[in-house]
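Residue strings, one per chain:
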Amino acid sequence: LYEHVASQQTPIAMVQVLRRFSRQPSSHWEFWLPTELTATEADRFYVAYSTAAPERVQSLRNLLQGEDRHRTAFYFGLQAFGREFRALPAFVGARVHHLSDIQKQIACFMAIAHHYGQQSLPQQAFADLLNLPRSHIIDMTKALPVEAFDLIIQAEPEAWRTSHDLIAEEILRQLLSPQEEGRDRLWKQQLSQWAIDFAFFVRGRSQVISEQMVELARRVFVYRDNVELIGTERSAQRQFSQIIEDIGSSHGQLEVFRTLTQVFPEETHFHAHLGRFCGLINRFDEGLPAIDQAISLQRDDPLLH
């Protein structure tokens, strides 16, 4: 193009736009446009998107008044259009494509905890995964590349989660099914193994497990709408936590429940949910001993009876 217009002696200015995750050394011919919008730009985005999606006005206002790092064109589009926002797959894909296997595990475990349990993960929980002693203070800025921090936030001191539930779901879709073709169906076929890996991750290698991590396991694997199903009218229905229902395969679901009772042998309600699930799929020979085991661990719990 340059040679063509030069041969015609046409005066032009050519502008090349490149995406970068961090600021590069620049010359007087180069200019850096930061991702974060200025207050004036953000206000213009708010007005435009409020008109396009009036039902999302409050979410857009929260974004306008929130942290600078999330006050970007991408997040305005995500808040306005949600699951229909076409830029979401490309945004996530560009940031997970070059992650190492361990970094992908970190991203997936954060996504599972947030999407299925509405919980953040303490950064020290990643010590075993990073092959570091638990006494070593984990620095997430060293564990993950700079671009990954467009997908996660520090929800509280020393605890991290994905920055949006739809981003968490998209991380799972892309990392569990790298091939784009058939991804909507295929990623859930890998979910049971990742759920089992997550159970072992939550348990960790420590002899004593914290109540915080046990509660995380409960919220991911047995709670439905933040409610325990055992002892409710819904316990007799084929309703389970969202991650169990997303797995779909009864074999995969059963393996997850079996793993929970093996990894957390003293957690009575995991045995009870294994028994409940076996009863609903007519595996009474396995279901009754699981319920008996739950009651033997906590005989005074009326929900188990």
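These lines cover the structure that appears in this document, whether it is placed above or below. The model shown is predicted, which means the values in this text are computed figures rather than measured ones.

### Topic: the pattern of salt bridges
In step 1: All chains considered together, the criterion is met by 13 salt bridges.
In step 2: Notably, a salt bridge pairs Asp 184 with Arg 173, separated by 2.2 Å at the nearest N-O pair. Highlighted residues: Asp 184 in helix H9 (residues 183–186) and Arg 173 in helix H8 (residues 165–176), separated in sequence by 11 residues.
In step 3: On the accessibility criterion, Asp 184 (57% relative accessible area) is exposed.
In step 4: Each of Glu 211, Glu 215, Arg 218, Arg 219 and Glu 267 takes part in a single network of salt bridges with overlapping partners.

### Considering the packing of aromatic side chains
In step 1: Under the defined criterion, the tally for this structure stands at 19 aromatic pairs.
In step 2: Pairing Phe 198 with Phe 201 gives two aromatic rings, centres 6.1 Å apart and planes at 35 degrees, and the pair type is tilted. A residue pair is termed a helical-turn pair when its members lie 3 or 4 positions apart in one helix, as Phe 198 and Phe 201 do in helix H10 (residues 191–203) at three residues. Pair check on accessibility: Phe 198 and Phe 201 agree, each one buried.
In step 3: A ring pair is formed by Phe 240 and Phe 257, whose centres lie 6.1 Å apart and whose planes are at 55 degrees; its orientation type is tilted. Residue Phe 240 is located in the loop between strand E5 (227–228) and helix H12 (242–247), and its partner Phe 257 is located in helix H13 (residues 250–263); the two are separated by 17 residues in the primary sequence.
In step 4: The exposure class of Phe 240 is buried, given its relative accessible area of 5%.
In step 5: These aromatic residues form a ring-pair network of at least three members: Phe 109, Phe 126, Trp 194, Phe 198, Phe 201 and Phe 221.

### Re empty space enclosed by the protein
In step 1: Here the structure, examined in full by the defined rule, presents one cavity of 30 Å³ or more.
In step 2: One number sums up the size of the largest cavity: a volume of about 70 Å³.
In step 3: Forming the walls of the largest cavity are Arg 95, Val 96, Leu 99, Ala 107, Met 110, Leu 144, Ala 148, Leu 151, Ile 152, Thr 162 and Ile 171.
In step 4: Listed by contribution, the elements that provide at least two residues to the lining of the largest cavity are helix H5 (88–96) and helix H6 (101–117).
In step 5: Residues of the lining of the largest cavity, tallied by class, amount to nine nonpolar, one polar and one charged.

### Structural notes on helix H15 (residues 284–297)
In step 1: Look at H15: 20 Å from first C-alpha to last across 14 residues, which is about the 20 Å you get at 1.5 Å a residue.
In step 2: Turning to H15, its buried residues are Gly 287, Ala 290, Ala 294 and Ile 295. Down the axis of H15, the sector holding all buried residues measures 135 degrees, keeping them to one side. Facing away from the buried side of H15 by over 90 degrees, the exposed positions are Asp 285 and Leu 288.
In step 3: Residues of H15 that are buried make contact with helix H14 (268–280).

Conventions and cut-offs
- Residues numbered from 1 in each chain as written.
- Predicted model: local features only at pLDDT ≥ 70, side-chain atom pairs only at ≥ 80, totals over all residues.
- Heavy atoms only, no water.
- Salt bridge = Lys/Arg side-chain N within 4 Å of Asp/Glu carboxyl O.
- Helix = DSSP H or I, 4+ residues; strand = E, 2+ residues; numbered from the N terminus.
- Buried < 20%, exposed > 50% of the residue type's maximum accessible area, 1.4 Å probe, protein only.
- Phe/Tyr/Trp six-rings, centres within 6.5 Å; stacked < 30°, edge-to-face > 60°.
- 1 Å grid on protein atoms, 1.4 Å probe; cavity = no way out; pocket = protein on both sides within 12 Å on 5 of 7 lines; lining within 4 Å.
- Points joined across faces, edges and corners; volume = space filled by probe spheres on them.
- Nonpolar A, V, L, I, M, F, W, Y, C, P; charged D, E, K, R; others polar.
- Expected span 1.5 Å × (residues − 1).
- Arc of directions from axis to C-beta.
- Contact = heavy atoms within 4.5 Å.

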